[in-house]
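Report on the structure
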Amino acid sequence: MTGPVMDVKGDVIVVKKGSDNWEVAKNAATKVTGDVKVGSKVTIEYTMTATKIEAKTRRRMPKRRSSDFNRRHMPLRLPAP
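To start, this report covers the structure provided alongside it. (Residues numbered from 1 in each chain as written. Predicted model: local features only at pLDDT ≥ 70, side-chain atom pairs only at ≥ 80, totals over all residues. Heavy atoms only, no water.)

What to know about the pattern of salt bridges
Per the counting criterion, the structure on display carries 3 salt bridges. Here D35 ties to K37 by a salt bridge, and the two come within 3.9 Å at their closest N and O atoms. With a closest N to O distance of 3.9 Å, E54 and K52 form a salt bridge. For K52, a relative accessible area of 67% puts it in the exposed group. The structure contains a network of salt bridges with shared partners spanning K52, E54 and K56. (Salt bridge = Lys/Arg side-chain N within 4 Å of Asp/Glu carboxyl O. Buried < 20%, exposed > 50% of the residue type's maximum accessible area, 1.4 Å probe, protein only.)

Rendered as structure tokens:
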């Protein structure tokens, strides 16, 4: 991501990307070259890492009887002319 720095606060850099402001966290392992300050243009390489994943159980749909299917999919019978 490349854009101007909007804010630098502790371990977070705010970069403008399009019309959105992106907050990107950094830590001691983050390699920083140059002087990062408000207004400077930066390029940030980042990865997204999940902090929590919760699987939802699927609700089963009630079984349909074949007679229900036939009633809904019967051809329309038009009266004879």
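Here's the deal with the packing of aromatic side chains
Evaluation of the coordinates by the stated rule reveals 1 aromatic pair. With centroids separated by 6.2 Å and ring planes inclined at 55°, the aromatic side chains of W22 and Y46 adopt a geometry described as tilted. Residue W22 is found in strand 3 (residues 20-25), and its partner Y46 is found in the loop between strand 4 (41-43) and helix 1 (66-72); the two are separated by 24 residues along the sequence. The class for Y46 is partly exposed, based on a relative accessible area of 41%. (Phe/Tyr/Trp six-rings, centres within 6.5 Å; stacked < 30°, edge-to-face > 60°. Helix = DSSP H or I, 4+ residues; strand = E, 2+ residues; numbered from the N terminus.)

Brief notes about the pairing of strand 2 (residues 12-17)
Consecutive side chains of a regular strand alternate in pointing toward one face of the sheet and then the other. Taken together, the 4 bridges between strand 1 (residues 2-9) and strand 2 define a ladder with antiparallel strand orientation. Paired with V8 across the strands is I13, a residue of strand 2. Looking at chain direction, strand 2 and strand 3 are connected through 6 bridges and run antiparallel. Counterpart to I13 in the pairing with strand 3 is V24. Count of turn residues in the strand 2/strand 3 antiparallel hairpin: 2 residues, of which G18 carries a positive phi of about 65°. (Pairing = 2+ DSSP bridges.)

A few points about the pairing of strand 1
Relative to strand 4, strand 1 is paired through 3 bridges, and the arrangement is antiparallel. From the neighbouring strand, G3 faces strand 4, where its bridge partner is V42. Between strand 1 and strand 2, which pair antiparallel one after the other, the connecting turn spans 2 residues, and G10 there sits at a positive phi close to 55°.

A word on the environment of Y46
With 16 residues separating them along the chain, Y46 and T30 place their C-alpha atoms 9.8 Å apart. Other than its neighbours up to four places away in sequence, Y46 contacts M1 and W22. (Contact = heavy atoms within 4.5 Å.)

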